[in-house]
Amino acid sequence: MTARRTPTGNLLTLAEVLDELRVPRSTFFRWKATGRAPRTIKYPNGSLYVRRRDLDTWLNDHEEAA
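The chain goes by Excisionase in an unreviewed UniProt entry, where it is assigned to Micromonospora maris.

K.L.:
What exactly am I supposed to notice about the side chain of D54 here?
P.N.:
Position of D54 among the secondary structure elements: in helix 3 (residues 52-61). Of the residues examined, D54 reaches a relative accessible area of 16% and is grouped as buried.

K.L.:
Explain the packing of aromatic side chains to me, please; I cannot follow it from the model alone.
P.N.:
Aromatic ring pairs are described here by two measures, namely the spacing of the ring centres and the angle between the planes. A complete count under the given rule lists 3 aromatic pairs for this structure. With a centroid separation of 5.9 Å and an interplanar angle of 90 degrees, the aromatic rings of F28 and F29 are classed as edge-to-face. Using a relative accessible area of 0% as the deciding quantity, one classes F28 as buried. Centre to centre, the rings of Y43 and Y49 are 4.5 Å apart; their planes meet at 40 degrees, and the pair counts as tilted.

Rules behind the numbers
Residues numbered from 1 in each chain as written. Predicted model: local features only at pLDDT ≥ 70, side-chain atom pairs only at ≥ 80, totals over all residues. Heavy atoms only, no water. Helix = DSSP H or I, 4+ residues; strand = E, 2+ residues; numbered from the N terminus. Buried < 20%, exposed > 50% of the residue type's maximum accessible area, 1.4 Å probe, protein only. Phe/Tyr/Trp six-rings, centres within 6.5 Å; stacked < 30°, edge-to-face > 60°.

Take a look at the structure:
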């Protein structure tokens with residue numbers, strides 16, 4: 001998976017995030033509507049991106065103890 005390099009960090013497209021999480025778009029948007037999705041960045045054209053570090057933090061926060 002290739003993240004875009006920007007001045008604010010690595011950005012993943014929504015498609016890349018969905019692929020990594022292995023969830024459908026509808027699930028992601030349900031999580032987003034209920035405040036359970038990783039933080040997103042919305043561009044003026046409507047495109048959604050997620051910072052790599054935000055996705056990693058979100059995954060760590062949802063990791064279950066062994």
